[in-house]
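Letter by letter, the chains look like this.
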Amino acid sequence: MSPANAPLIETSDLVKRFGRTAALDGLDLSVAEGEVHGFLGPNAAGKSTTIRVLLGLIRATSGTARVFGLDPWAQPIATLRDIAYVPGDVSLWPNLTGGEAIDLLTSLRGGAEPKRRAELIDEFDFDPRKKARTYSKGNRQKVALIAAFARPARLYILDEPSAGLDPVMESVFRRQIDRARAEGSTVLLSSHILSEVEQLCDRVTIIRAGVAVESGSLADLRHLSRTSFRTTGIGDTGILSTVDGVHDARVVGDVVEFEADADAIPSVLTSLARNGVTGLTVAPASLESLFLRHYSEVK
């Protein structure tokens, strides 16, 4: 068991090398108990490698990884009994039915709660009687999600869990995350769907080239992003040239669009008011703009 107030997941200076390639290069990650934590990064950033280390599937080259205060490589049984894991690409036993696959997976953690299992099958609009070989990617994903949520877990580790789901099923998935949070569970959610992360997560870590480049609450991170402006009535971008912190000003018909750093917003609004702006739309900083800003700087 982890000490009181200790992070449920914690890595320190975590390194994992495959030959000469460093998949993780000193990753620091901290996930508090009871939070939904977003884990973001482009392909090959090291997200899946991190998850494999946390699950005890691979051994770190150096540094430390702790789940519930335990080393998942040295104590896999003690850690895995309280973890529900959903990968982004689910493979099933082709000759088992979906229901049999769900029961097999949940048996590894003590078995499903029958009522909850039935509710999840209904909510995900899933037919458990068909053989797994007949399932689409979305239906294979439903098997893993139903198995994960059919018995409460202390920790859910979800790696692109809603891949292959349609928008209706994505909303069902989000309700299950809300329920897990309400039950006091912890969720580590790796997802490329930024709107999903923004809606669900309490805190976010952005990883690049095996290193965490930002970590904090969405409110903490938004100050690092730019606010988008769309204006009519000012005619051209000339009046903005004297305002520090304005970026990417462009004219589209009779509309001027640009972005501004957070500390430049008062000066921008003053300049627009003085120059006869007749229309103004402001889009607040989003997780997507923060994410794209980080990775647009990487060549």
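An account of the accompanying structure is given in this report.

The rules behind each value
- Residues numbered from 1 in each chain as written.
- Predicted model: local features only at pLDDT ≥ 70, side-chain atom pairs only at ≥ 80, totals over all residues.
- Heavy atoms only, no water.
- Helix = DSSP H or I, 4+ residues; strand = E, 2+ residues; numbered from the N terminus.
- Contact = heavy atoms within 4.5 Å.
- Areas by Shrake-Rupley, 256 points an atom, 1.4 Å probe, with all protein chains shown as cover.
- Lys, Arg positive; Asp, Glu negative; His and termini not counted.
- Charge placed at Lys NZ, Arg CZ, Asp CG, Glu CD.
- 1 Å grid on protein atoms, 1.4 Å probe; cavity = no way out; pocket = protein on both sides within 12 Å on 5 of 7 lines; lining within 4 Å.
- Points joined across faces, edges and corners; volume = space filled by probe spheres on them.
- Nonpolar A, V, L, I, M, F, W, Y, C, P; charged D, E, K, R; others polar.
- Phe/Tyr/Trp six-rings, centres within 6.5 Å; stacked < 30°, edge-to-face > 60°.
- Buried < 20%, exposed > 50% of the residue type's maximum accessible area, 1.4 Å probe, protein only.
- Lys NZ or Arg CZ within 6 Å of the ring centre and 35° of its normal.
- Pairing = 2+ DSSP bridges.
- Axes fitted to C-alpha atoms, helices over the stretch in contact; angles between N-to-C directions.
- Patch = residues over 30% accessible without salt bridge, like charges linked within 9 Å, V, L, I, M, F, W, Y side chains within 5 Å.
- Salt bridge = Lys/Arg side-chain N within 4 Å of Asp/Glu carboxyl O.

What follows concerns the overall build of the protein. In terms of regular secondary structure, the protein is built from 10 helices and 13 strands. The principal-axis extent of the C-alpha atoms belonging to the protein is close to 70 × 45 × 40 Å. For the protein, the proportion of contacts with a sequence separation of at least 24, taken over those separated by at least 6, is 67%. Just so you have it, the protein exposes about 14,300 Å², and 50% of that area is on carbon and sulfur atoms. Here the protein holds 34 positive side-chain charges and 38 negative ones, and the gap between their average locations is 7 Å.

This part covers the layout of surface pockets. Approximately 540 Å³ is the volume attributed to the largest pocket. In this structure, the largest pocket is lined by 20 residues; those nearest its centre are Ile83, Ala84, Tyr85, Leu105 and Leu108. Secondary-structure elements contributing two or more residues to the lining of the largest pocket are β5 (83-86), α3 (98-107) and α5 (137-149). For the lining of the largest pocket, the per-class residue count stands at 15 nonpolar, two polar and three charged.

In this structure the tally under the stated criterion is three aromatic pairs. An angle of 45° between the planes, with centres 5.2 Å apart, marks the rings of Phe126 and Tyr135 as tilted. Pair check on accessibility: Phe126 and Tyr135 agree, each one buried. One Lys or Arg, Lys16, reaches over the ring of Phe18 and ends 5.2 Å from the middle of that ring.

Before going further, it helps to spend a moment on the environment of Leu14. Its place among the elements puts Leu14 in strand β1 (residues 9-18). By relative accessible area, which is 0% here, Leu14 ends up buried. Linking Leu14 and Leu29, residues 15 residues apart in sequence, is a C-alpha distance of 8.9 Å. In this view, Leu14 contacts Leu24, Asp25, Gly26, Leu27, Val53, Ala60, Ser62, Gly63, Thr64 and Ala65; residues no more than four positions away in its chain are not counted.

The subject of this paragraph is the sheet that holds strand β13 (residues 279-283). Ordered by their spatial adjacency, four strands build an open sheet running β11-β12-β10-β13, and the pairing between neighbours is antiparallel. Each having just a single partner strand, β11 (246-252) and β13 make up the two edges of the open sheet. Strand-to-strand twist across the sheet, computed as the mean angle between neighbouring axes with direction ignored, equals 15°. The pairing of strand β10 (residues 227-232) with strand β12 (residues 255-260) spans six bridges and is classified as antiparallel. In the sheet register, Phe229 faces β12, and the bridge partner there is Phe258. With respect to the sheet, helix α9 (residues 265-274) is in contact with β10, β11, β12 and β13, its orientation differing from that of β10 by roughly 0°.

The phi dihedral of Glu160 is positive, around 50°, even though this residue is not glycine. Within the secondary structure, Glu160 is located in the loop between β6 (155-159) and α6 (167-182). Phi angles above zero are rare outside glycine, and Ala209 is one such case at about 55°. In this fold, Ala209 is placed in the loop between β8 (203-208) and β9 (211-217).

On the surface, a nonpolar cluster with roughly 230 Å² of combined accessible area is contributed by Leu269, Leu280 and Val282. In this structure, Leu269 sits in helix α9.

This is a description of form; function is not addressed.
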